[in-house]
Amino acid sequence: MSQLHVIATLKTCYTGKFGVPRQSGLAPAAWGVVEFEPAYRRAEAVRGIEAFSHLWLITRFHRVEEEPQSLTVRPPKLGGNERRGVFATRSPFRPNRLALTVVKLDRVELDGPESPRLWVSGVDLVDGTPVIDIKPYVRYADSVPEATSSFADSAPEALPVEWHCAQPSSAAAQTVIEQSLAGQPQPAYHQDAEREYATEIDGWHVRWQALEDRILVVGCDPDCLEVTSSATDAASRLRQPGRRRR
Ligand SMILES: C[S@@+](CC[C@H](N)C(=O)[O-])C[C@H]1O[C@@H](n2cnc3c(N)ncnc32)[C@H](O)[C@@H]1O
């Protein structure tokens, strides 16, 4: 098999893995930008793509460091204590570490210095995720209305999110934080209402507590964490707290 290579990098509103939705579309406001590698950074490569509302992104779970040692995983949807075969799940801990994500195509940027860039939303991937391929979502072929999906038959319950601290100055950031936390990113086996969780979302350092019936946001400050790679540097410039991106 010829070597696969990276065609683009996906910048997203999620600096770390924690807090990233468990599937695409669960946080519709979760934004991403596809930035092409120089060899593919040509308008002709995306000619006609604007006529599609959604795209498939085939990416690599680059933040999984090692090849998995087991062919079974514990899906969070099953509470984290039942095992399933890796090929019966969408777990990142899989051979080749390939991810399949459907996103909404919001805008094709053709006039910037790094254009073309694709602005997408509904992502479930960490900032800096390498993109292997992009394909248009084809409604008649890719949607199977009679499909059944075992333990993943419905989206996880979205809990109401209450703010017990100052909200971010940007309404867009507030929305993406609320949608991300509503999906209960914390491990299902944690059942401790006092426990405080923290992550970075859209340039904000967010702390929250998970009650049985709602999420309490207890802290939200501009994210001042160090970034480590040039890809993340570029994303952090995009991500300045409170700044609208479009
Ligand atoms: C269950 S996977 C689903 C991804 C894709 N929709 C799929 O089915 O292949 C989503 C989770 O993978 C993790 N994740 C996202 N991007 C990642 C990356 N680049 N490297 C490692 N893990 C990642 C996050 O924890 C996220 O909640």
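Caption draft 1: Seen up close, unusual backbone geometry. A cis geometry characterises the amide bond from Ser-115 onward to Pro-116, with omega recorded as 5°. Phi at Asp-202 is positive, roughly 50°, even though this residue is not glycine. Relative to the elements of secondary structure, Asp-202 occurs in the loop between strand E10 (196-201) and strand E11 (204-210).

Caption draft 2: Region of interest: the site of the ligand. Near the ligand you find 19 residues, and of these Phe-61, Arg-63, Arg-90, Ala-99 and Thr-129 are the closest. Here the shell around the ligand gets three residues from one element, more than from any other, and that element is strand E6 (residues 98-109). Residues belonging to the shell around the ligand are distributed by class as follows: nine nonpolar, five polar and five charged.

Caption draft 3: The sheet that holds strand E2 (residues 31-36), seen in detail. The sheet built from six strands closes into a barrel, its strands ordered E1-E2-E7-E6-E3-E8 with antiparallel pairing. Taking the axes of each pair of neighbouring strands and ignoring which way they run, one obtains an average angle of 45° across the sheet. Two strands pair when backbone bridges link them, and strand E1 (residues 8-12) and E2 are joined in this way by five bridges, in the antiparallel orientation. By the bridge assignment, Leu-10 is partnered in E2 with Val-34.

Caption draft 4: The arrangement of the environment of Asp-213 in detail. Mapped onto the elements of the fold, Asp-213 is located in the loop between E11 and strand E12 (215-222). On a C-alpha basis, the gap between Asp-213 and Ala-158 in space is 9.6 Å, while along the polypeptide they are 55 residues apart.

Caption draft 5: How the structure looks around the pairing of strand E3 (residues 54-60). Direction of pairing for E3 relative to E6: antiparallel, over a ladder of seven bridges. For His-54, the partnering residue across the bridge sits in E6 and is Lys-104. Here five bridges tie E3 to strand E8 (residues 129-136), and the two strands are oriented antiparallel to one another. The residue of E8 that forms the bridge with Leu-57 is Ile-134.

Reading the values: rules and limits
- In this convention, every chain numbers its residues from 1, walking through the sequence in written order.
- With the structure being a predicted model, the display of local features is reserved for residues of pLDDT at least 70 and the display and counting of side-chain atom pairs for 80 or more, all residues being used for whole-chain, interface and lining totals.
- Here a helix means four or more residues in a row that DSSP labels H or I, a strand means two or more in a row labelled E, and each is numbered from the N terminus.
- The criterion for a residue being near a molecule or strand is simple: its C-beta atom, placed using the backbone, must lie within 6 Å of it.
- We call Asp, Glu, Lys and Arg charged. Ala, Val, Leu, Ile, Met, Phe, Trp, Tyr, Cys and Pro are nonpolar, and the rest, Gly among them, are polar.
- At least two DSSP bridges between two strands are needed for those strands to be called paired.
- Only the contacting stretch of a helix is used when fitting its axis, a line to C-alpha atoms as for every element, and angles between N-to-C directions run 0 to 180 degrees.

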